[in-house]
Amino acid sequence: VQLVESGGGLVQTGGSLRLSCVTSGLTDNNYPMGWFRQAPGKEREFVAVISWSGASIFYDDSVKGRFTISRPAKNTVYLQMNSLKPEETARYYCVADPDGSWRNPNDYNVWGQGTQVTVSS
């Protein structure tokens, strides 16, 4: 089972990036997928999550109105990030298949390796 992220990089304050995540090796894709991020010295924090159908979407309050999560295919999820801020510099992780709360990192069974996002001031 793999989640493979791409799309991270270096961007200036106010810039945009689109992260992508593709799953492989799962028997089906009928589960929520989402994104967490972790900055150096900090805990992993919830960013956004989308249900398998795309009908349910949740964001952390800090990214509402700037980030958009989408699921163009059952095994693919995007995170469009606009108006990025330096404090959002972190490693962004794709996640799938939560057992309980969609906002709790401990409830996710599958994690990608992460992709680094650096926002320069």
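Now for a quick tour of the structure. No experiment lies behind these values; they were computed from the predicted model shown.

Rules used in this analysis
- Residues numbered from 1 in each chain as written.
- Predicted model: local features only at pLDDT ≥ 70, side-chain atom pairs only at ≥ 80, totals over all residues.
- Heavy atoms only, no water.
- Phe/Tyr/Trp six-rings, centres within 6.5 Å; stacked < 30°, edge-to-face > 60°.
- Helix = DSSP H or I, 4+ residues; strand = E, 2+ residues; numbered from the N terminus.
- Buried < 20%, exposed > 50% of the residue type's maximum accessible area, 1.4 Å probe, protein only.
- Lys NZ or Arg CZ within 6 Å of the ring centre and 35° of its normal.
- 1 Å grid on protein atoms, 1.4 Å probe; cavity = no way out; pocket = protein on both sides within 12 Å on 5 of 7 lines; lining within 4 Å.
- Points joined across faces, edges and corners; volume = space filled by probe spheres on them.
- Nonpolar A, V, L, I, M, F, W, Y, C, P; charged D, E, K, R; others polar.
- Salt bridge = Lys/Arg side-chain N within 4 Å of Asp/Glu carboxyl O.
- Pairing = 2+ DSSP bridges.
- Axes fitted to C-alpha atoms, helices over the stretch in contact; angles between N-to-C directions.

**Some remarks on the packing of aromatic side chains**
Tallied over the full model, the rule gives five aromatic pairs. Ring geometry for Phe36 and Tyr108: centres 5.4 Å apart, planes at 75°, overall edge-to-face. In this pair, Phe36 sits in strand E4 (residues 33-38) while Tyr108 sits in strand E10 (residues 108-111), placing the two residues 72 residues apart along the sequence. You can call Phe36 buried: its relative accessible area is 0%. For Tyr108, a relative accessible area of 6% gives the class buried. Each ring, one from Tyr93 and one from Trp111, has its centre 5.9 Å from the other, and the planes form 70°; the classification is edge-to-face. Taken as a pair, Tyr93 in strand E9 (residues 90-98) and Trp111 in strand E10 lie far apart in primary sequence, 18 residues in all. Ring pairing ties together the aromatic residues Phe36, Phe46, Tyr93, Tyr108 and Trp111, which thus form one cluster. Geometry around Tyr93 places Arg44 over its ring, the cationic atom sitting 4.3 Å from the centre. Just above the ring of Trp111 sits the side chain of Arg44; from NZ or CZ to the centre is 4.3 Å.

**A word on the layout of surface pockets**
Its boundaries defined by the atoms lining it, the largest pocket holds a volume of some 150 Å³. What lines the largest pocket is a set of 13 residues, and nearest its centre among them are Arg37, Lys42, Glu45, Glu87 and Glu88. Tallied by class, the residues present in the lining of the largest pocket amount to two nonpolar, three polar and eight charged.

**A word on the pattern of salt bridges**
Counting across every chain of the model gives four salt bridges. The partner of Arg37 in a salt bridge is Glu88, and the shortest N-O contact between them spans 3.4 Å. Separated by 51 residues along the polypeptide, Arg37 in strand E4 and Glu88 in the loop between strand E8 (76-81) and E9 bring together distant segments of the chain. Here Arg37 falls in the buried class, since its relative accessible area comes to 5%. In this structure Glu88 comes out as buried when scored by relative accessible area, which is 3%. For Glu88, the salt bridge identified is with Arg66, shortest N-O distance 2.5 Å. With Glu88 in the loop between E8 and E9 and Arg66 in the loop between strand E6 (57-59) and strand E7 (67-73), the pair connects residues that are 22 residues apart, well separated along the chain.

**Details of the sheet that holds E8**
Strand pairing in a sheet relies on backbone hydrogen bonds, with the paired strands running either antiparallel or parallel. Pairing in this open sheet of four strands is antiparallel, and the strands run E1-E3-E8-E7 from one edge to the other. What marks the edges here is a single partner per strand, and that holds for strand E1 (2-6) and E7. On average, each strand axis in the sheet is inclined to that of its neighbour by 20°, with strand direction left out of account. With five bridges joining them, E1 and strand E3 (residues 17-24) adopt antiparallel strand pairing. Bridge pairing in E3 places Ser6 opposite Ser20.

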